[in-house]
Amino acid sequence: MNIRALIVDDEPPARARVAKLLSTYPEIRVIGECRNGLEALEAIESQVPDLVFLDIQMPELNGFEVLQQLSVNPRPFIIFTTAFDQYALKAFEHHAVDYLLKPIERERFTTALEKVLLQIKGRHADKFNDKLKDLLGEYESSVSPDRKNFVIKDRGTVNVIHADDIFWLASEGNYVTLHTAKGDFLYRSAMTAMENELQTHQFVRIHRSILVNTLHIGRSQYLHNETFKFVLNNQTSLISGRSYKENIQGFLQSANYIKQF
Amino acid sequence: MSHLSYYKIRRMNTMNNRWLPIRFIWIIASAFLLSFIFILNAYINHSYTPNQEAFDWYFEIMLVVTNYLLWAFLFPLLYRFIVTNKFAWQLSFRTILMHILLGLLIAVFHRYASLAFYIGMTWSLKGYLLDLFGIHSANMVIRGVISSMLQYWIIIGVLWGFEYYRQKRQQELLLIKTNQELADAQLNALKMQLHPHFFFNTLNTISSVMDRSVEEAQDIVAKLARLMRALLDSEKQQVITLRQEIDYIRAYLDLEQARFSDRLLVKIEVDDAVLNAGIPNLLLQPLVENSIKHGLSSQAKQGAIEIYAEMIQKDLVIKIKDNGKGVANADYVFQNPGIGIKSVLTRLKVIYQSTATIHIESSYQAGFCVIIKIPYKPLSL
């Protein structure tokens, strides 16, 4: 049988190394290589490989985030590759998911691959998927605070928005609009949920339906009647809600880097 | 819109705002002790001079005690003046001139004040009033002004002694604290350097490149060795030449280039004139690493890093620039510094105090540039 494999890593030599190790397996065909999480997501969805060698630390989306966003069924088998990531290793051990440490030992590679080949041939995808689901569950609950990405799929294109890149966001019913330099994006979430998710980032709620990224505030000004005006670096003006006065004052006091106030 | 953010490397606070180096009661006590000695001196002098009149204890005591008590009250003012005016306590022609003039002024004031007391005393005891601003008084002031001036200089000398001792002690305390901070900062720089992620990925690169070219792999191994050697040496040498630092950075960037191949462009331009400049070892390393981390690793596009070093007036100016995402608010970087920037700030502050500056030029999605300025000091090896 012919097994179709995809190699995902942001370092070319690392991809070459896996490809070289795979070259001794005639039944495995490398159908492509991806340089980052976004490319990987698109390639997996469009080419539906059987097996993916997935690096964890990558630009745009990391390995876990790629898996979170995957909507193909059945999911491919995954072998994680990582040079060093204490957290990930613990998670792998915990869920008995296969991983390879870089530099890759040939013996270890052989063992991992044989195990996966057995699973693929026996179509034990369900069991593997369960393990992966548990792993992702753990990842989601302990997502690293300095990295928060929003993945938005819109008519076939995938956009990754990092929290720092959001200028401000506004709630629109069941959705929030993320305003960014790349344009506006609709994201399915409630305002309070977003506020919680972005707690570790520099956001401040200034209105019932507006959350502002303080990194992008150019200046702020007290208007009247307990309202404030915020002008963002991209010249957008936002007026705060009256009941958020205390919230805003608290922020202005702690954020002494906004001197214009 | 570009944000420019400055981080002022403040001089550490060595001044405390005390009015006195010792408690006032001791100053008063000293005034009385001095008075006692000089009264004794006057008495002995009087007794062994074939003399006419009896020793006038009351006048003698009042005269001497007034003299020294007046100084005791002037003491805090003079001390305050010396502590708060840096130039009042540097040894320069200007300062000496200033003290001669100020000494004269204070001596005249001191004389007149003493005289005023004296006049008050003679009036209360003998019933006649001298004219304070008359020719007779002026005569007495001129006669006493030199000794008052001498007393002024002695007091200034004593104050200098106090201040010198205090600053010396404070410097010692500061040095202990500083060395601790420096050691911490250096350790942090080292820790970043020995980041296992970088290390293992480099080993992985070597293992991969071997398939393609053994020579290329050997080059990478040699560079890794150079890096590790520099790290091991870094404990021995606090200051190295810019040439050494740049060599080291180049080795590091070569390794990153080997890892990322075509994705990283490197440009290094260093003026020959500053190659021998002394620079704290591994000072630039965390900044370069930050540029790699934020400029290259977090985005998929082609990364570029540029390093410039040149002499501007008498300073060594180093610029590290990347084409990464930048920051929307450069102040924020100094307010919430990561481990890398923090170690750089600490080392600049401790080693150069206010003679070094660091600033960041960055705006959202338009790269990040950090500029360090330190005094140029050639290092002879």
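How each quantity is defined
Residues numbered from 1 in each chain as written. Chains lettered and ligands numbered in written order. Predicted model: local features only at pLDDT ≥ 70, side-chain atom pairs only at ≥ 80, totals over all residues. Heavy atoms only, no water. Helix = DSSP H or I, 4+ residues; strand = E, 2+ residues; numbered from the N terminus. Buried < 20%, exposed > 50% of the residue type's maximum accessible area, 1.4 Å probe, protein only. Contact = heavy atoms within 4.5 Å. Areas by Shrake-Rupley, 256 points an atom, 1.4 Å probe, with all protein chains shown as cover. Pairing = 2+ DSSP bridges. Axes fitted to C-alpha atoms, helices over the stretch in contact; angles between N-to-C directions. Salt bridge = Lys/Arg side-chain N within 4 Å of Asp/Glu carboxyl O. pLDDT = per-residue confidence, 0-100.

A. The overall build of chain A, seen in detail. Each helix and strand in chain A was counted, giving 8 helices and 15 strands. Relative to its 261 residues, chain A shows a buried fraction of 53%. Put simply, 57% of the contacts in chain A that link residues at least 6 apart link residues at least 24 apart. Total accessible area on chain A stands at roughly 12400 Å², and carbon and sulfur atoms take up 46% of it.

B. Focus on the sheet that holds strand S13 (residues 217-222) of chain A. Residues and elements named next belong to chain A. The 3 strands are arranged S13-S14-S15 in an open sheet whose pairing can be described as antiparallel. Each edge of the sheet is formed by a strand with only one pairing partner; in this case those strands are S13 and strand S15 (237-239). Each strand axis lies, on average, 20° off the axis of its neighbour in the sheet, ignoring direction. Here strand S14 (residues 228-232) runs beside S15; their pairing, made up of 3 bridges, is antiparallel. Paired with Phe230 across the bridge in S15 is Leu238.

C. Up close: the pattern of salt bridges. The tally for this structure, following the rule as stated, stands at 16 salt bridges over all chains. In this structure, Arg35(A) engages Glu39(A) in a salt bridge whose closest nitrogen and oxygen atoms are separated by 2.9 Å. Relative accessible area serves as the criterion here: at 44%, Arg35(A) is assigned to the partly exposed category. Linking Lys267(B) and Glu269(B) is a salt bridge whose minimum nitrogen-to-oxygen distance equals 3.8 Å. Under the relative-accessibility criterion, Glu269(B) is labelled partly exposed at 42%. One connected set of salt bridges, linked through shared partners, spans Asp9(A), Asp55(A) and Lys102(A).

D. Spotlight on the sheet that holds strand S5 (residues 99-101) of chain A. Residue and element names in this part refer to chain A. If you walk across this open sheet you meet the 5 strands as S2-S1-S3-S4-S5, and the pairing is parallel. Edge strands, defined here as strands with exactly one partner in the open sheet, are strand S2 (28-34) and S5. Neighbour to neighbour, the strand axes of the sheet diverge by 20° on average, direction disregarded. Across 6 bridges, the pairing between strand S1 (residues 3-8) and S2 is parallel. What sits directly across from Val8, in S2, is Cys34.

E. Geometry of the side chain of Gln202(A). The residue Gln202(A) is located in the loop between helix H7 (191-197) and strand S11 (203-207) in this model. When its relative accessible area of 17% is taken as the criterion, Gln202(A) is described as buried.

F. Structural view of the confidence of the model for chain A. Looking at chain A, pLDDT values average 84 and 91% of them are 70 or higher. Scored below 50 in pLDDT, residues 257-261 of chain A shows 17 contacts in the model against residues more than four places distant or in partner chains.

G. Representation of the pairing of strand S5 (residues 303-312) of chain B within the structure. Residues and elements named next belong to chain B. In the sheet, strand S3 (residues 264-270) pairs with S5 via 7 bridges, with the strands oriented parallel. Bridge pairing in S5 links Ile268 to Ile307. Pairing geometry for S5 and strand S6 (residues 315-322), over 8 bridges, is antiparallel. If you follow Glu310 over to S6, its bridge partner there is Val317. Turn length for the S5-S6 hairpin, with the two strands adjacent in sequence and antiparallel, is 2 residues, and the turn residue Gln313 shows positive phi of about 50°.

H. Looking closely at the side chain of His179(A). All names here are of chain A. Along the chain, His179 falls in strand S9 (residues 175-180). The buried category is assigned to His179, whose relative accessible area is 14%. Residues in contact with His179, not counting those within four places in the same chain, are Asp165, Ile166, Phe167, Trp168, Leu169, Ala170 and Asp184.

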